[in-house]
Amino acid sequence: MKATWEKIEKNTGVLEVEVDAEQVNAALDRAFRKIVRQVNVPGFRKGKVPRPIFEARFGVESLYQDAINDLLPDAYEQAVKQTGIEPVDRPDIDIENFAKNQPFVFKAKVTVKPEVTLGAYKGLEVTEKSTEVTEEELAQELKRLQERHAELVVLEEGAAEKGDIVVIDYEGTVDGQPFEGGKAEKQSLELGSGTFIPGFEDQIVGMSKGEEKDIHVTFPEQYHAEHLRGKPAVFRVTVRDIKRKNLPELDDEFAKDVSEFETLEEFKEDLKKRLKEQKERERDLALEADVIEKAAANAEVDIPPVMIETEIDRMVRDFENRLRLSGMNLELYYKFSGQDEKSLREQMRQEAEKRVKSSLVLEAIAKAENVQVDDEDVNRELENMSQTYRQSVEELRDIIEKNGNMDDFKADLRIKKTVKWLVENSKRTPEVA
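Residues numbered from 1 in each chain as written. Predicted model: local features only at pLDDT ≥ 70, side-chain atom pairs only at ≥ 80, totals over all residues. Heavy atoms only, no water.

S.K.: Residue-level account of the sheet that holds strand β4 (residues 104–111), with values.
M.R.: If you walk across this open sheet you meet the four strands as β1-β2-β4-β3, and the pairing is antiparallel. The open sheet terminates on both sides in strands that have one partner only, identified here as β1 (2–7) and β3 (92–97). The sheet shows a mean angle of 20 degrees between the axes of neighbouring strands, taken without regard to direction. Here helix α3 (residues 64–83) sits on the sheet in contact with β1, β2 (12–19), β3 and β4, set at roughly 55 degrees to β4. (Pairing = 2+ DSSP bridges. Helix = DSSP H or I, 4+ residues; strand = E, 2+ residues; numbered from the N terminus. Axes fitted to C-alpha atoms, helices over the stretch in contact; angles between N-to-C directions. Contact = heavy atoms within 4.5 Å.)

Pasting the structure below:
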């Protein structure tokens, strides 16, 4: 088989392929054996028509489409490997010649990965966040744990405060008219949570059990229901109950209740250690994001639109999967948000373009710096995955290989090593407090 590649535009070119006549004839034989089982010719049992009689009656051309369908996928794949191109979209195929005893010639117009012109990527200046845990941060985490284990006490007297949970009835109107979704009974709301429209919760602060009040708010300009955006509204609110969190004392008993430690001091030391580990992970992720962003900003690349659309497709699928985990789907999301598929895709476009460019730039840096993945890298990554997924290294390797994903697995590892290399070769400046 012969294959040649000619670039015709920035990211497109023509792949010309010639498959020899012997392969064409073999494909025609396979096509005949498939089709002959489906035809009826008087004087012959089904599937037993001799080849010459079949061709005389139906023409050898009746086999061409099946033979092309047989040959084309493998021929295209081999041509791609032979020429070393990296297609990013389905090819536009033009059949030049196909006939018995003749070569099969076709041309494929192909969009390929773009070339990247790298800018500065070594010694990038990045800010390194502090991983020290302050007493204030430790106190905030302890307060959060207190609130999580707090007992709710119903107030019979007194006014609602921020942090209280109120049970309310409400009915809203816009221009004096009720609207869909504007009415509820026995709705629980934590004051200060920011769950409701801006200004709503603040106006409940100070109300008492049994009190009624008109609350005046304005719907945000970006509100999910388009017909309510920017509209002033009035909610008639009745407070049914006020529940206040009774925080447990920070003492040894609290430590025993929420951990395996016997004393509060031991628990605080462990909590401080875990907070530091969390901040170290956040620091590392921030450094990686920073060097990737700066390396990508310094590079030049003309991204084919199809690559951005493909990334948006992937982002929409991921978003839909997250919705399903919360009991929703895209159809319901569109209904409640006032968006449609087009607007969602446009919302994702900028991030998709950023992701595609970053990926292309990292691949180019990996190539420029000859970043390689060896067996030791693969084993180390599988060991890390083994701890996360609670499966043995052998089981994980077997799953990856059986699914034919080892090349992709190594490609991802190569990008990870490249990012690590960028961080190691960056100029890190400590964050100024």
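S.K.: Describe the packing of helix α10 (residues 341–368) against helix α13 (residues 406–424), with residues and values.
M.R.: Close contact between α10 and α13 brings their axes to 9 Å; oriented N to C, the two are set at 80 degrees. One element, α10, and the other, α13, form an angle in the roughly perpendicular class. Between α10, through Leu-362, Glu-363, Ile-365, Ala-366 and Lys-367, and α13, the contact on the second element is made entirely by Arg-414, Ile-415, Thr-418, Val-419 and Leu-422. Among the residues making up the contact of α10 with α13, the classes are represented as six nonpolar, one polar and three charged. (Parallel < 35°, antiparallel > 145°, perpendicular 65-115°, else oblique. Nonpolar A, V, L, I, M, F, W, Y, C, P; charged D, E, K, R; others polar.)

S.K.: So, the pairing of β2: which residues are in play, and what are the values?
M.R.: Relative to β2, β1 is paired through six bridges, and the arrangement is antiparallel. Residue pairing across strands places Ala-3 opposite Val-17, the latter belonging to β2. Here β1 folds back onto β2 in antiparallel fashion, the turn holding four residues. Sheet topology note: the β2/β4 ladder contains eight bridges and is antiparallel. In the strand pairing of β4, Gly-13 is matched with Val-110.

S.K.: I'd love a proper account of the pairing of β4, names of residues and values included.
M.R.: Buried residues dominate β4, accounting for six of its eight residues. In the sheet, β3 pairs with β4 via five bridges, with the strands oriented antiparallel. Counterpart to Asp-94 in the pairing with β4 is Lys-107. Linking β3 to β4, which pair antiparallel, is a turn of six residues; within it Asn-101 sits at a positive phi near 65 degrees. (Buried < 20%, exposed > 50% of the residue type's maximum accessible area, 1.4 Å probe, protein only.)

S.K.: Give a description of the packing of aromatic side chains that names residues and reports values.
M.R.: Each aromatic ring pair is specified by the distance between its two centres and by the angle formed by the two planes. Scanning the entire structure with this criterion turns up 16 aromatic pairs. Taken together, a centroid distance of 5.0 Å and an interplanar angle of 45 degrees make the contact between Phe-54 and Phe-58 tilted. A residue pair is termed a helical-turn pair when its members lie 3 or 4 positions apart in one helix, as Phe-54 and Phe-58 do in helix α2 (residues 51–58) at four residues. Taking the centre distance of 6.0 Å and the plane angle of 90 degrees together, the rings of Phe-179 and Phe-235 count as edge-to-face. Placement of the pair is Phe-179 in strand β9 (residues 177–190) and Phe-235 in strand β11 (residues 232–246), with a sequence separation of 56 residues. Accessibility classification places Phe-179 together with Phe-235 in one group, the buried group. What links up through ring pairs into an aromatic cluster is the set Tyr-170, Phe-179, Phe-196, Phe-200, Phe-219, Tyr-223 and Phe-235. (Phe/Tyr/Trp six-rings, centres within 6.5 Å; stacked < 30°, edge-to-face > 60°.)

S.K.: Account for the pattern of salt bridges, with residues named and values stated.
M.R.: One pass over the structure, following the stated rule, counts 43 salt bridges. Between Lys-268 and Glu-265 there is a salt bridge, with the nearest N and O atoms lying 3.8 Å from each other. With Lys-268 and Glu-265 both in helix α7 (residues 264–297), this residue pair falls three residues apart, about one helical turn. Since its relative accessible area comes to 23%, Lys-268 is described here as partly exposed. Between Glu-309 and Arg-349 there is a salt bridge, with the nearest N and O atoms lying 2.7 Å from each other. On the criterion of sequence distance, the pair formed by Glu-309 in helix α8 (residues 305–325) and Arg-349 in helix α10 is long-range, its members being 40 residues apart. Residue Glu-309 is classed as partly exposed on the basis of its relative accessible area of 27%. According to the relative accessible area criterion, Arg-349 is partly exposed, its value standing at 24%. (Salt bridge = Lys/Arg side-chain N within 4 Å of Asp/Glu carboxyl O.)

S.K.: Describe the packing of helix α1 (residues 21–35) against α3, with residues and values.
M.R.: Running from N to C, α1 and α3 cross one another at 120 degrees; their axes reach a closest spacing of 8 Å. In terms of orientation, α1 and α3 fall into the oblique class. Our pair here, α1 against α3, has a crossing hand that is right-handed. Listed contacts from α3 to Gln-23, Val-24, Ala-27, Leu-28, Arg-30, Ala-31, Lys-34 and Ile-35 of α1 are Tyr-64, Asp-66, Ala-67, Asp-70 and Leu-71. Residues of the contact of α1 with α3, tallied by class, amount to eight nonpolar, one polar and four charged. (Left-handed = near helix turned anticlockwise from the far one by under 90°.)

S.K.: For the nonpolar core, give the residues involved together with the corresponding values.
M.R.: One recurring pattern in soluble globular proteins is that nonpolar side chains are buried together. One finds Leu-15, Leu-63, Phe-98 and Phe-104 to be the most contacted residues of the largest nonpolar core, which totals 34 residues. Every element with two or more residues in this core is listed here: β2, α1, α3 and β4. It is α3 that contributes the most residues to this core, nine residues altogether. Core analysis: the next-biggest nonpolar cluster, separate from the first, contains 25 residues, Phe-179, Leu-189, Leu-228 and Ile-242 among them. (Core = buried A, V, L, I, M, F, W, Y, C linked by side-chain atoms within 4.5 Å.)

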